[in-house]
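Chain and residue survey
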Amino acid sequence: MSQLTLRHRLLLLTLLPSALIAIVLVGYFTYSGIRTLEGELRAKGMATVRYLAPVSEYGIIAGQLESLHGLAQATVQESGVKATVIVNQKGRTIAVSGRVSLAAEDLRRTLSEPTQIGETDQWIAFAAPVKRSVSESDVLFEQSASDKSLPPEIIGHVFVEFDKTELVNKQRQLLQRGLMIVLSGLLILAALAIAMADNLARPVQRLVQAVKGMSSGRLDTRVPADTSGEIGILENGFNEMATHLEEVHFSMQSRIEEATAQLAFQARHDALTGLLNRREFEHRLEKALAGVQAGGDEFAVLFLDLDRFKQVNDNCGYLAGDELLRQMALLFQGRLRDEDTLARLGGDEFSIMLNNCSGPRANQVAEDICGLAAAYRFIWQDKVFAIGASIGLTTVTRKVRNINEIVAAGDAACHRAKESGRNRVCEQAAQLNPERRQESSNWASRIANALAEDRLLVEAIPLCGLQLPSGYHLVELTARLNEPGQPPVTLSALSDAAERYDLAPAIDQRLIETAIAAVSRAKNQQKLLHCLVPLSRASVGNSETIDFIARSLRSQKLSGNRLCFVFSEDTLTLMSSQAMEFSRQMRSLGCQIGLDDFGGGLSSFTHLRSVGPSYVKLSRSLTRELGGNRASTALLRAVQEITADQNIHTIAEGVDDTDTLEQLKKLGVDFAEGKAVAPSEPFEVWLEGAVMRSAQ
Amino acid sequence: MGTMPRIVLFALVSLFSLALPAWGGGIAVVLSDRGSAYSDFSSALEEALSGTTWSISARHQADAVPPLAGQADIVVTVGSEALRKTLGRSDNPPILATLLPRQSYEKILADVRRPGRVTAIYLDQPAARQAAFIHHLLPGQKRAGMLLSNETRTIPGQYRQAFTNAGLALESEDADTENTLLPALNSLLARVNLLLAVPDSNIYHRNNIKPILITAFRYQRPVIGYSPAFVNAGALAAIHSTPAQIARQTADTILMHGTSLPAPSAPTQFAIAINTNVAQSLGLNIADEATIRRAMGADREAR
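Parameters at a glance
Residues numbered from 1 in each chain as written. Chains lettered and ligands numbered in written order. Predicted model: local features only at pLDDT ≥ 70, side-chain atom pairs only at ≥ 80, totals over all residues. Core = buried A, V, L, I, M, F, W, Y, C linked by C-beta atoms within 7 Å. Buried ≥ 20, exposed ≤ 12 C-beta atoms within 10 Å, placed from the backbone. Domains from an automatic or database assignment. Contact = placed C-beta atoms within 7 Å. Helix = DSSP H or I, 4+ residues; strand = E, 2+ residues; numbered from the N terminus. Nonpolar A, V, L, I, M, F, W, Y, C, P; charged D, E, K, R; others polar. Expected span 1.5 Å × (residues − 1). Pairing = 2+ DSSP bridges. Right-handed = clockwise from strand over helix to strand, strands pointing away. Axes fitted to C-alpha atoms, helices over the stretch in contact; angles between N-to-C directions.

Quick notes on the nonpolar core
All names here are of chain B. With 92 residues, the main nonpolar core has Val30, Val78, Ala144, Leu185, Ala197, Ile224 and Ala235 as its most contacted residues. Counting the residues that make up this core, at least three belong to each of domain 1 (23-122 + 244-257) and domain 2 (127-240 + 270-302). Beyond its immediate stretch of four places on either side in the chain, Ile224 contacts Ile134, Leu194, Leu196, Ala197, Ala235, Leu236, Ala237 and Ala238.

Some words on the environment of Ile108(B)
One can find Ile108(B) in helix H4 (residues 102-112). Each residue touching Ile108(B), except ones within four places of it in the same chain, is listed here: Ser80(B), Leu83(B), Arg84(B) and Leu87(B).

So, helix H5 (residues 127-137) of chain B
Taken across its 11 residues, H5(B) has nine buried, putting it largely inside the fold. Those residues of H5(B) that fall on the buried side of the exposure criterion are Ala127(B), Gln130(B), Ala131(B), Ala132(B), Phe133(B), Ile134(B), His135(B), His136(B) and Leu137(B).

Points about the interface of chain B and chain A
Contacts between the two partners involve 27 residues from chain B and, on the opposite side, 16 residues from chain A. The element best represented in the side of chain B that touches chain A is helix H8 (residues 206-218) of chain B, accounting for seven residues. Per-class residue counts for the side of chain B that touches chain A are 16 nonpolar, eight polar and three charged.

Section: H8(B)
Between its first and last C-alpha, H8(B) extends 19 Å over 13 residues, near the 18 Å set by a 1.5 Å rise per residue. Where H8(B) is concerned, the buried positions are Asn208(B), Ile209(B), Pro211(B), Ile212(B), Leu213(B), Thr215(B) and Ala216(B). Looking at the buried positions of H8(B), the neighbouring elements they touch are helix H1 (6-62) of chain A together with helix H7 (178-189), strand S8 (194-196), strand S9 (223-225) and helix H9 (228-233) of chain B. Phi for Gln220(B), located one or two positions after H8(B), is positive at around 55°.

Overview of the pairing of strand S1 (residues 25-31) of chain B
All names here are of chain B. Counting buried positions along S1 gives five out of seven residues, so the element sits mostly inside the fold. Pairing between S1 and strand S2 (residues 54-61): seven bridges, direction parallel. What sits directly across from Val29, in S2, is Arg59. The handedness of the S1 to S2 crossover, carried by helix H2 (residues 36-49), is right-handed.

Considering the sheet that holds strand S12 (residues 425-427) of chain A
Residues and elements named next belong to chain A. Ordered in space as S7-S8-S6-S11-S12, the five strands form an open sheet in which the pairing is mixed. Strands at the two margins of the open sheet, each flanked by one partner only, are strand S7 (341-346) and S12. The mean angle between the axes of side-by-side strands here comes to 20°, regardless of whether they run parallel or antiparallel. Sheet topology places strand S6 (residues 299-307) next to strand S8 (residues 349-354); six bridges connect them, and they run antiparallel. For Leu304, the partnering residue across the bridge sits in S8 and is Phe350.

This is the structure in structure tokens:
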């Protein structure tokens, strides 16, 4: 039953009971009809003899054989009557008609009632006694009462035989008719049932097909809703559901597509700046590389690392950092062509792919961007930050095998730019430096190891008095990390990591120790040596630094007047009170104070009063483009005037050519450092050569 | 007046009163059966005797008749069986037999052969009355037939004179046995206009009446019966006397004659029964009973 379809079930349910009922009914009526026919024959036979007997009475009494014969013949004329026999009281046949089948002894029987006296397959015989009918005469005239009680005298018998073939024929006909009725009824019933089952099953089948279609994903499946009743409700319901489902599906689809597009965009873009992200950049780089390898034009890739981003982030919070990144992104984007690709690789690292641009042109673009970054001032609330960018440039040629080489080269170039003093462009060919620089995560151990193993090389940057011979040796101390098999790392490159891992004070102490030792030694040789010692922000804010300086001076029995501690303008901006307290303490020890990166921010001048520095190191942004830039020159001149007025010595750093040196000299800058003055060299070497062997 | 004359007067009165029973007394009624005809008779007799010096002193059934000598001055037997049983006893008072055919009466008397005072009022109608009835019932039908057995062989002698007087011819045929009945009837009916049945236990009994009537009908001959039952069975008409009529005649006879019995007599009163269905079947136009009765009455007065 469970494997049957709805149609089969309906057919079974309708056909089976009705067929059974029809067969039983027709069978019953046919059977009862046959029985009735038999009964009718019997009743007819009994009636015939019952009537024939009294009719024959007078003929028997009167001995009218002709009339009896007529009676017998008339009886045989009746349908179904085969033979009629009339016998008298003694059993002698007195009238006969038809072919008699009854035996002679049957005819001699004496009966009291009409009865059936014989039956075979072909015939059935009935007999009745002929009784003398009695008339009630007047009792008064009766001779004796005794004969009243006598039963009526039997004066003969009548026998009638019926042919059963007619009955059998009728019964056969009845049976055939019954079978015909059953068959035709069943045929009609089957047709009706099939029609009904189809009528009911077809819509259901359509619904089933539609449901299958829906579940196999054809959402536009509908059923014709032309059926009435519950099925119609189902069909309409299905169509509504399907429509709804389709709508929901499509809206879902579009939302998924939207979300996917968004995700795809997000996957390719940086959320903060809206620039391409590293992955997408690398993807495009890959494509561009493939283009080059296939014979396309060479192109250049710039790797930018923002200078001083960390300061902004640390001092003003990540919101400021984020804003800075956004502004820088806009700044760079504005400078680039449409075909160039700008991406933020992460943190403060950007990358620019310059399509169809290489060699000097690329270098020029890099320098432009570097200049843009250097000239940019980020203003956050009441604070102004000078931002710079260290840019690594690498040209992608056909020789480049994969983008890792490009990234490694650019990264290394950028790193070199940073190490060599930031805010500059370094170029490196891709395949030359397959090794990537070590990860910054190693900085902590590297610096710690370097300090422990005395691999931190202290270097001297000699300063040259531009106006008058100063009469003393002025040197700025810096440090360089010397590791075997590695290029040296400058202090500026170290400082970020050193500050982050709280190692900056240790480096600073090393510089302080070296400076005090050098001053002490120079003093012993009657040489005048002034040392500029850069201090990190952590050292400035730490009272232990002051104690250490005081302790060191005491142990060398020195006054501090030959030491000048330099910290950046940023430090002063961010840690004003600590910086001022530090300055006060240092001055009480006799030490001098220098401000680094002076003039980068507009707030610079207020610091002059609060700190009272003896030296200011001019910001590179002031000194870089002195040649053709009148504004820069004017700015420098103004700074120079103010500082001169305050009796503060100005120092220009990074002076690499003599033209600049001359101009600085003309402008009245007091000191200069850089390749144009003297190359930096290991402090001990410089001390021995320049100070100890000098004439003074 | 002295004591003696008083005693004489008393004796005279007593003698007189002893002589009076000749003018009144008890009647014992013996019924053949408990049928309605007998009880009709009994109650009609009692009614007719009321207010007279006669009264019914005892009623008995024929099958249990006690000694009647001291019970009644006269015995009235009702029906043939009552007469036969009553005659069987030896000490009977005078018997008046009623409600029986003449043939039965004569046969019983012949059978019993007992001397005694017995008389009867027959059921049989007198021949002249029959002739008058036929005359008025079927005017123009002159030939009457009669079936006879040895029981009724004397009847034509009694009838012939009266029929002749009425202008009718009487033919008869003997039918003593079953086998000769229908042939005799056939031959008779071929000759006559109507069949007149007279009470005859050999011929007109319950087994034979129907074949006789059917045969007569085949010949389209009307049958004049002798009882209402015969008319019901298919006879055209009958002239008869009812039990009540016989009872009244019985009472009259007793009141008139007392215990001195007269000779047997025919019924004085009669009734007429006509089967109109048979009349229609035979295509006869029959006058109604009252008309016939009036005509018969007029006839008698004219004579």
